[in-house]
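# Analysis of the macromolecular model
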Amino acid sequence: MVKFLDLQKVTESHGAEIREAVDRVVRSGWYLQGQENAQFESDYARYIGTRHAVGVGNGLDALIWIFRAYIEMGIMQPGDEVIVPANTYIASILAITENGLTPVLVEPNLSTYQIDDSLIERAITTRTRAILIVHLYGQCAYTERIGELCRQYNLKLVEDNAQAHGCLYHGRRTGSLGDAAGHSFYPGKNLGALGDAGGVTTDDDELAATVRALANYGSTRKYVFRYTGRNSRLDEIEAAVLDVKLRYLDADNARRQSAAAYYLSHIKNPKITLPVLTDPTSHVFHIFPIRCADRDVLQQYLSDKGIQTIIHYPIPPHKQECYREWNHLSYPITELIHREELSLPMSPVMSEEELQYVVKTINEF
Ligand SMILES: *Cc1c(COP(=O)(O)O)cnc(C)c1O
(Lines give C-alpha, C1' and ligand atoms only; values in the text may rest on other atoms or scores of the structure.)
Protein backbone atom coordinates (compact mmCIF):
# COMPACT_ATOMS: atom_id res chain seq x y z
CA MET A 1 0.00 0.00 0.00
CA VAL A 2 1.22 3.53 -0.80
CA LYS A 3 0.23 5.81 2.06
CA PHE A 4 -0.69 9.42 1.42
CA LEU A 5 1.76 10.38 4.15
CA ASP A 6 3.63 7.89 6.32
CA LEU A 7 4.09 10.01 9.46
CA GLN A 8 5.66 7.20 11.44
CA LYS A 9 8.38 6.91 8.80
CA VAL A 10 8.80 10.71 8.68
CA THR A 11 9.32 10.86 12.46
CA GLU A 12 11.61 7.82 12.46
CA SER A 13 13.84 9.42 9.83
CA HIS A 14 15.02 11.74 12.65
CA GLY A 15 13.91 9.39 15.45
CA ALA A 16 17.05 9.22 17.58
CA GLU A 17 17.45 13.00 17.80
CA ILE A 18 13.74 13.57 18.42
CA ARG A 19 13.72 11.06 21.28
CA GLU A 20 16.83 12.66 22.76
CA ALA A 21 15.17 16.11 22.61
CA VAL A 22 11.94 14.86 24.22
CA ASP A 23 13.90 13.07 26.92
CA ARG A 24 15.91 16.23 27.66
CA VAL A 25 12.67 18.17 28.27
CA VAL A 26 11.14 15.37 30.36
CA ARG A 27 14.21 15.28 32.58
CA SER A 28 14.46 19.10 32.83
CA GLY A 29 11.27 19.53 34.90
CA TRP A 30 10.45 22.69 32.89
CA TYR A 31 7.58 22.27 30.41
CA LEU A 32 6.33 25.70 29.29
CA GLN A 33 7.91 29.02 28.35
CA GLY A 34 11.48 27.99 28.85
CA GLN A 35 14.76 27.59 27.03
CA GLU A 36 13.43 25.23 24.35
CA ASN A 37 10.89 27.83 23.26
CA ALA A 38 13.44 30.62 23.27
CA GLN A 39 15.89 28.49 21.25
CA PHE A 40 13.33 27.42 18.66
CA GLU A 41 11.95 30.95 18.30
CA SER A 42 15.41 32.33 17.69
CA ASP A 43 16.37 29.55 15.24
CA TYR A 44 13.09 29.80 13.37
CA ALA A 45 13.26 33.60 13.09
CA ARG A 46 16.78 33.29 11.68
CA TYR A 47 15.66 30.59 9.26
CA ILE A 48 12.67 32.58 7.98
CA GLY A 49 14.59 35.84 7.99
CA THR A 50 12.52 37.94 10.39
CA ARG A 51 13.37 39.77 13.62
CA HIS A 52 10.84 37.78 15.60
CA ALA A 53 9.22 34.37 15.80
CA VAL A 54 6.63 33.80 18.53
CA GLY A 55 5.55 30.25 19.35
CA VAL A 56 1.80 29.76 19.85
CA GLY A 57 -0.57 26.83 20.31
CA ASN A 58 -1.42 26.07 16.66
CA GLY A 59 -1.60 27.56 13.18
CA LEU A 60 -5.18 28.80 13.43
CA ASP A 61 -4.33 30.72 16.60
CA ALA A 62 -1.21 32.18 14.94
CA LEU A 63 -3.46 33.79 12.31
CA ILE A 64 -6.13 34.77 14.84
CA TRP A 65 -3.50 36.51 17.02
CA ILE A 66 -2.07 38.50 14.12
CA PHE A 67 -5.45 40.10 13.32
CA ARG A 68 -6.35 40.49 16.98
CA ALA A 69 -3.01 42.25 17.56
CA TYR A 70 -3.72 44.66 14.70
CA ILE A 71 -7.07 45.43 16.36
CA GLU A 72 -5.42 45.96 19.75
CA MET A 73 -2.82 48.20 18.07
CA GLY A 74 -5.62 50.34 16.57
CA ILE A 75 -4.68 49.43 12.99
CA MET A 76 -7.87 47.46 12.29
CA GLN A 77 -11.41 47.55 13.63
CA PRO A 78 -14.19 44.98 13.61
CA GLY A 79 -16.07 45.36 10.32
CA ASP A 80 -12.90 46.07 8.34
CA GLU A 81 -12.26 43.92 5.29
CA VAL A 82 -9.51 41.43 4.58
CA ILE A 83 -8.92 40.11 1.07
CA VAL A 84 -8.30 36.34 1.02
CA PRO A 85 -8.30 33.60 -1.64
CA ALA A 86 -11.68 31.84 -1.96
CA ASN A 87 -10.07 28.39 -2.29
CA THR A 88 -8.13 28.33 0.96
CA TYR A 89 -8.36 26.01 3.96
CA ILE A 90 -11.09 27.15 6.37
CA ALA A 91 -8.55 28.29 9.01
CA SER A 92 -7.52 31.35 6.95
CA ILE A 93 -11.16 32.50 6.87
CA LEU A 94 -11.87 31.61 10.50
CA ALA A 95 -8.97 33.81 11.63
CA ILE A 96 -10.68 36.77 9.94
CA THR A 97 -14.26 36.15 11.10
CA GLU A 98 -13.13 35.21 14.62
CA ASN A 99 -11.97 38.82 14.97
CA GLY A 100 -15.19 40.37 13.64
CA LEU A 101 -13.41 41.28 10.39
CA THR A 102 -15.02 40.63 7.02
CA PRO A 103 -13.37 38.27 4.53
CA VAL A 104 -13.57 39.38 0.89
CA LEU A 105 -13.07 36.26 -1.20
CA VAL A 106 -11.03 36.49 -4.39
CA GLU A 107 -10.77 33.72 -6.99
CA PRO A 108 -7.48 31.88 -7.58
CA ASN A 109 -5.59 31.49 -10.83
CA LEU A 110 -6.57 28.12 -12.33
CA SER A 111 -3.03 27.13 -13.27
CA THR A 112 -1.19 27.99 -10.01
CA TYR A 113 -4.16 27.72 -7.58
CA GLN A 114 -2.85 30.88 -5.89
CA ILE A 115 -4.87 34.09 -5.43
CA ASP A 116 -5.31 35.80 -8.83
CA ASP A 117 -3.47 39.10 -8.37
CA SER A 118 -5.27 40.64 -11.36
CA LEU A 119 -8.60 40.40 -9.45
CA ILE A 120 -7.42 41.95 -6.19
CA GLU A 121 -7.61 45.67 -6.99
CA ARG A 122 -11.32 45.62 -7.84
CA ALA A 123 -12.00 43.93 -4.46
CA ILE A 124 -10.37 46.81 -2.52
CA THR A 125 -12.79 49.23 -0.79
CA THR A 126 -12.38 52.03 1.77
CA ARG A 127 -12.76 49.35 4.52
CA THR A 128 -9.98 47.09 3.22
CA ARG A 129 -7.11 46.85 5.73
CA ALA A 130 -5.19 43.74 4.69
CA ILE A 131 -4.52 41.06 2.12
CA LEU A 132 -4.09 37.58 3.56
CA ILE A 133 -2.18 35.52 1.02
CA VAL A 134 -2.06 31.75 1.45
CA HIS A 135 0.91 29.84 0.03
CA LEU A 136 -1.44 27.01 -0.82
CA TYR A 137 -0.09 23.47 -1.36
CA GLY A 138 3.42 24.83 -0.60
CA GLN A 139 3.69 27.25 -3.53
CA CYS A 140 4.54 30.93 -3.09
CA ALA A 141 1.47 33.15 -3.57
CA TYR A 142 3.34 36.45 -3.33
CA THR A 143 3.80 38.56 -6.47
CA GLU A 144 5.30 42.01 -7.05
CA ARG A 145 1.81 43.21 -7.97
CA ILE A 146 0.48 42.20 -4.54
CA GLY A 147 3.35 44.04 -2.85
CA GLU A 148 2.61 47.16 -4.92
CA LEU A 149 -1.12 47.07 -4.10
CA CYS A 150 -0.31 46.88 -0.39
CA ARG A 151 1.95 49.92 -0.65
CA GLN A 152 -0.45 51.86 -2.86
CA TYR A 153 -3.54 51.28 -0.69
CA ASN A 154 -1.70 51.13 2.65
CA LEU A 155 -2.75 47.54 3.39
CA LYS A 156 -1.10 45.06 5.72
CA LEU A 157 0.21 41.98 3.96
CA VAL A 158 -0.34 38.88 6.08
CA GLU A 159 0.91 35.46 4.97
CA ASP A 160 -0.65 32.11 5.81
CA ASN A 161 2.52 30.03 5.68
CA ALA A 162 0.99 26.85 7.16
CA GLN A 163 1.80 24.83 4.03
CA ALA A 164 5.03 26.41 2.82
CA HIS A 165 7.81 26.31 5.44
CA GLY A 166 11.09 26.75 3.62
CA CYS A 167 9.60 27.99 0.36
CA LEU A 168 11.69 30.66 -1.39
CA TYR A 169 10.70 33.73 -3.37
CA HIS A 170 13.78 35.15 -5.13
CA GLY A 171 15.97 33.96 -2.26
CA ARG A 172 13.67 35.13 0.54
CA ARG A 173 11.56 32.75 2.60
CA THR A 174 7.81 32.89 2.57
CA GLY A 175 6.87 34.08 6.05
CA SER A 176 9.21 37.08 5.63
CA LEU A 177 7.60 38.65 2.56
CA GLY A 178 4.80 40.58 4.27
CA ASP A 179 4.12 42.36 7.58
CA ALA A 180 3.36 39.19 9.54
CA ALA A 181 2.94 35.48 8.89
CA GLY A 182 1.12 32.65 10.62
CA HIS A 183 2.75 29.20 10.60
CA SER A 184 1.23 25.85 11.53
CA PHE A 185 3.38 23.01 12.85
CA TYR A 186 0.54 20.47 12.72
CA PRO A 187 2.18 17.01 12.46
CA GLY A 188 1.50 16.57 8.73
CA LYS A 189 2.93 19.94 7.67
CA ASN A 190 6.41 20.24 6.09
CA LEU A 191 7.73 21.31 9.50
CA GLY A 192 5.53 19.29 11.84
CA ALA A 193 5.52 18.78 15.61
CA LEU A 194 4.23 15.71 17.49
CA GLY A 195 0.96 17.49 18.26
CA ASP A 196 -0.51 20.96 17.78
CA ALA A 197 1.89 23.87 17.47
CA GLY A 198 2.15 27.16 15.60
CA GLY A 199 4.07 30.39 15.30
CA VAL A 200 4.01 34.00 14.14
CA THR A 201 6.93 35.63 12.33
CA THR A 202 7.29 39.39 11.86
CA ASP A 203 9.78 42.26 11.82
CA ASP A 204 7.32 44.41 13.78
CA ASP A 205 8.38 44.66 17.45
CA GLU A 206 4.99 45.84 18.68
CA LEU A 207 3.09 43.15 16.80
CA ALA A 208 5.41 40.43 18.15
CA ALA A 209 5.00 41.66 21.74
CA THR A 210 1.21 41.92 21.37
CA VAL A 211 0.91 38.40 19.92
CA ARG A 212 3.12 37.05 22.71
CA ALA A 213 0.90 38.68 25.33
CA LEU A 214 -2.41 37.65 23.68
CA ALA A 215 -1.33 34.00 23.52
CA ASN A 216 -0.39 34.09 27.21
CA TYR A 217 -3.68 35.28 28.79
CA GLY A 218 -3.09 38.82 27.57
CA SER A 219 -0.31 39.15 30.08
CA THR A 220 2.72 41.36 29.61
CA ARG A 221 4.15 40.60 33.08
CA LYS A 222 3.24 37.76 35.41
CA TYR A 223 -0.24 38.40 36.86
CA VAL A 224 -0.58 41.72 35.01
CA PHE A 225 -3.15 41.55 32.19
CA ARG A 226 -3.26 44.09 29.42
CA TYR A 227 -5.62 42.22 27.05
CA THR A 228 -8.34 39.62 27.45
CA GLY A 229 -6.14 36.94 25.92
CA ARG A 230 -6.27 33.17 25.95
CA ASN A 231 -3.97 30.31 26.72
CA SER A 232 -2.32 29.42 23.40
CA ARG A 233 1.32 28.64 24.06
CA LEU A 234 3.85 26.38 22.38
CA ASP A 235 5.04 23.81 24.88
CA GLU A 236 8.65 22.89 25.52
CA ILE A 237 8.46 19.34 24.15
CA GLU A 238 7.05 20.56 20.83
CA ALA A 239 9.60 23.38 20.63
CA ALA A 240 12.45 20.92 21.21
CA VAL A 241 11.12 18.53 18.54
CA LEU A 242 10.63 21.39 16.07
CA ASP A 243 14.16 22.63 16.62
CA VAL A 244 15.50 19.19 15.65
CA LYS A 245 13.27 18.97 12.57
CA LEU A 246 14.09 22.51 11.49
CA ARG A 247 17.70 21.39 10.88
CA TYR A 248 16.46 18.91 8.29
CA LEU A 249 13.72 21.03 6.74
CA ASP A 250 15.67 22.04 3.62
CA ALA A 251 16.82 18.46 2.98
CA ASP A 252 13.29 17.13 3.54
CA ASN A 253 11.86 19.77 1.20
CA ALA A 254 14.45 18.83 -1.44
CA ARG A 255 13.17 15.24 -1.25
CA ARG A 256 9.61 16.49 -1.75
CA GLN A 257 10.78 18.55 -4.72
CA SER A 258 12.49 15.58 -6.31
CA ALA A 259 9.41 13.38 -5.80
CA ALA A 260 7.37 16.17 -7.42
CA ALA A 261 9.84 16.45 -10.31
CA TYR A 262 9.44 12.72 -10.88
CA TYR A 263 5.63 13.00 -10.95
CA LEU A 264 5.83 16.03 -13.24
CA SER A 265 8.05 14.39 -15.80
CA HIS A 266 6.51 10.90 -15.76
CA ILE A 267 2.76 11.32 -15.37
CA LYS A 268 1.46 11.31 -18.92
CA ASN A 269 -2.28 10.96 -19.11
CA PRO A 270 -4.46 13.42 -21.03
CA LYS A 271 -7.14 13.09 -18.33
CA ILE A 272 -4.79 14.56 -15.71
CA THR A 273 -3.84 18.22 -15.21
CA LEU A 274 -0.49 18.60 -13.44
CA PRO A 275 0.42 21.55 -11.17
CA VAL A 276 2.19 24.51 -12.80
CA LEU A 277 5.38 25.85 -11.20
CA THR A 278 6.10 29.56 -11.36
CA ASP A 279 9.72 28.92 -10.34
CA PRO A 280 11.40 25.65 -9.21
CA THR A 281 12.37 26.88 -5.71
CA SER A 282 9.04 28.57 -5.04
CA HIS A 283 7.20 25.30 -4.35
CA VAL A 284 7.92 22.99 -1.40
CA PHE A 285 5.11 20.55 -2.28
CA HIS A 286 3.29 20.22 0.99
CA ILE A 287 0.67 18.81 -1.38
CA PHE A 288 1.05 17.51 -4.93
CA PRO A 289 -2.30 18.53 -6.45
CA ILE A 290 -3.53 17.09 -9.73
CA ARG A 291 -6.89 17.73 -11.38
CA CYS A 292 -9.16 15.30 -13.16
CA ALA A 293 -12.73 15.75 -14.45
CA ASP A 294 -13.48 12.21 -13.20
CA ARG A 295 -11.83 12.88 -9.86
CA ASP A 296 -14.03 10.62 -7.72
CA VAL A 297 -13.68 7.71 -10.18
CA LEU A 298 -9.90 8.24 -10.23
CA GLN A 299 -9.72 8.32 -6.44
CA GLN A 300 -11.67 5.05 -6.16
CA TYR A 301 -9.50 3.44 -8.86
CA LEU A 302 -6.31 4.45 -7.04
CA SER A 303 -7.71 3.24 -3.75
CA ASP A 304 -8.53 -0.15 -5.33
CA LYS A 305 -4.89 -0.31 -6.44
CA GLY A 306 -3.67 0.43 -2.91
CA ILE A 307 -2.83 4.12 -3.36
CA GLN A 308 -4.11 6.58 -0.75
CA THR A 309 -5.08 10.06 -1.90
CA ILE A 310 -6.81 13.03 -0.22
CA ILE A 311 -8.91 15.88 -1.59
CA HIS A 312 -7.76 19.41 -0.62
CA TYR A 313 -10.54 20.35 -0.17
CA PRO A 314 -13.93 18.77 -0.96
CA ILE A 315 -16.08 21.82 -0.01
CA PRO A 316 -14.93 25.46 -0.46
CA PRO A 317 -15.36 27.83 2.53
CA HIS A 318 -18.27 29.73 0.94
CA LYS A 319 -20.26 26.48 0.63
CA GLN A 320 -19.72 25.42 4.25
CA GLU A 321 -22.62 25.31 6.68
CA CYS A 322 -20.74 27.55 9.13
CA TYR A 323 -20.84 30.34 6.51
CA ARG A 324 -24.49 29.88 5.45
CA GLU A 325 -24.74 33.55 4.51
CA TRP A 326 -22.34 32.99 1.58
CA ASN A 327 -23.75 29.66 0.37
CA HIS A 328 -25.59 31.36 -2.50
CA LEU A 329 -22.43 33.05 -3.82
CA SER A 330 -20.69 31.70 -6.87
CA TYR A 331 -16.90 31.37 -7.30
CA PRO A 332 -16.66 29.17 -10.41
CA ILE A 333 -12.86 28.66 -10.46
CA THR A 334 -12.78 27.81 -6.77
CA GLU A 335 -15.70 25.42 -7.22
CA LEU A 336 -14.03 23.76 -10.21
CA ILE A 337 -10.84 23.19 -8.20
CA HIS A 338 -12.82 21.70 -5.34
CA ARG A 339 -14.62 19.38 -7.79
CA GLU A 340 -11.49 18.17 -9.60
CA GLU A 341 -8.56 18.35 -7.18
CA LEU A 342 -6.84 15.20 -5.93
CA SER A 343 -3.65 15.12 -3.84
CA LEU A 344 -1.17 12.33 -4.62
CA PRO A 345 1.03 10.66 -2.00
CA MET A 346 3.77 13.15 -1.08
CA SER A 347 6.38 13.20 1.68
CA PRO A 348 10.17 13.28 2.19
CA VAL A 349 10.19 9.51 2.76
CA MET A 350 8.65 8.15 -0.44
CA SER A 351 10.63 5.37 -2.10
CA GLU A 352 11.53 5.15 -5.77
CA GLU A 353 9.28 2.06 -6.08
CA GLU A 354 6.30 3.88 -4.58
CA LEU A 355 6.72 6.80 -6.97
CA GLN A 356 7.05 4.47 -9.96
CA TYR A 357 3.97 2.51 -8.91
CA VAL A 358 1.85 5.67 -8.49
CA VAL A 359 2.94 6.99 -11.90
CA LYS A 360 2.34 3.69 -13.70
CA THR A 361 -1.08 3.28 -12.10
CA ILE A 362 -2.16 6.82 -13.01
CA ASN A 363 -0.89 6.47 -16.56
CA GLU A 364 -3.03 3.34 -16.95
CA PHE A 365 -6.20 5.15 -15.81
C1 LIG B 1 -3.04 23.65 8.54
C2 LIG B 1 -3.47 24.99 8.09
C3 LIG B 1 -3.83 26.01 9.00
C4 LIG B 1 -4.09 25.78 10.45
O5 LIG B 1 -3.14 25.16 11.18
P6 LIG B 1 -3.46 24.34 12.50
O7 LIG B 1 -2.13 24.20 13.15
O8 LIG B 1 -4.05 23.03 12.08
O9 LIG B 1 -4.41 25.14 13.33
C10 LIG B 1 -4.06 27.27 8.49
N11 LIG B 1 -4.00 27.53 7.19
C12 LIG B 1 -3.70 26.59 6.28
C13 LIG B 1 -3.64 26.96 4.83
C14 LIG B 1 -3.44 25.28 6.70
O15 LIG B 1 -3.15 24.34 5.79
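Presented here is a report on the structure given in the accompanying data block. Here the structure is a predicted model, which is why all the values come from computation and not from measurement.

## Regarding the site of the ligand
Around the ligand sit N58, G59, L60, Y89, A91, V134, D160, A162, Q163, S184, Y186 and K189, and that is every residue in its neighbourhood. A distance of 2.7 Å separates an oxygen atom of the ligand from a polar atom in the side chain of Q163. S184 is positioned such that a nitrogen or oxygen atom in its side chain is 2.6 Å from an oxygen atom of the ligand. Considering the ligand on its own, with 380 Å² of exposed area, one finds that the protein chains cover 90% of that surface.

## A word on helix α6 (residues 144-153)
Within α6 the residues assigned to the buried category are I146, G147, L149 and C150. Each buried residue of α6 sits inside an arc of 160° when the element is viewed along its axis, so together they form one side. Of the exposed residues in α6, those oriented more than 90 degrees away from the buried face are R151 and Q152. Where α6 is buried, its residues meet β4 (128-134) and β5 (156-160). Of the residues flanking the end of α6, it is N154, one or two places downstream, whose phi is positive at about 55°.

## Describing the side chain of H14
Within the secondary structure, H14 sits in the loop between α1 (7-12) and α2 (15-28). In this structure the side chain of H14 is engaged in a polar contact, spanning 3.1 Å, whose partner is the side chain of D252. Those residues within four positions of H14 in sequence are excluded, and the remaining contacts are Y248 and D252.

## Quick word on the packing of aromatic side chains
Note on aromatic pairs: each is described by the distance of the centres and the angle between the planes. Under the defined criterion, the tally for this structure stands at 11 aromatic pairs. A centroid spacing of 5.3 Å and a plane angle of 25° characterise the contact between F40 and Y44, whose relative ring orientation is stacked. Taken together, the residues F40 and Y44, both in helix α3 (residues 35-48) and 4 residues apart, mark about one turn of the helix. Taking the centre distance of 5.2 Å and the plane angle of 35° together, the rings of Y89 and Y313 count as tilted. Taken together, the positions of Y89 in the loop between β2 (81-85) and α5 (90-97) and Y313 in the loop between α10 (295-304) and α11 (332-340) put the pair 224 residues apart, joining distant regions of the chain. The partly exposed category is assigned to Y89, whose relative accessible area is 42%. What makes Y313 buried here is its relative accessible area of 14%. A cation over an aromatic ring shows up here: K271 above the ring of F365, its NZ or CZ 5.0 Å from the ring centre.

Analysis parameters
Residues numbered from 1 in each chain as written. Predicted model: local features only at pLDDT ≥ 70, side-chain atom pairs only at ≥ 80, totals over all residues. Heavy atoms only, no water. Near = heavy atom within 4 Å. Polar contact = N/O pair within 3.5 Å; in protein donor to acceptor, adjacent residues only side chain to side chain. Areas by Shrake-Rupley, 256 points an atom, 1.4 Å probe, with all protein chains shown as cover. Buried < 20%, exposed > 50% of the residue type's maximum accessible area, 1.4 Å probe, protein only. Helix = DSSP H or I, 4+ residues; strand = E, 2+ residues; numbered from the N terminus. Arc of directions from axis to C-beta. Contact = heavy atoms within 4.5 Å. Phe/Tyr/Trp six-rings, centres within 6.5 Å; stacked < 30°, edge-to-face > 60°. Lys NZ or Arg CZ within 6 Å of the ring centre and 35° of its normal.

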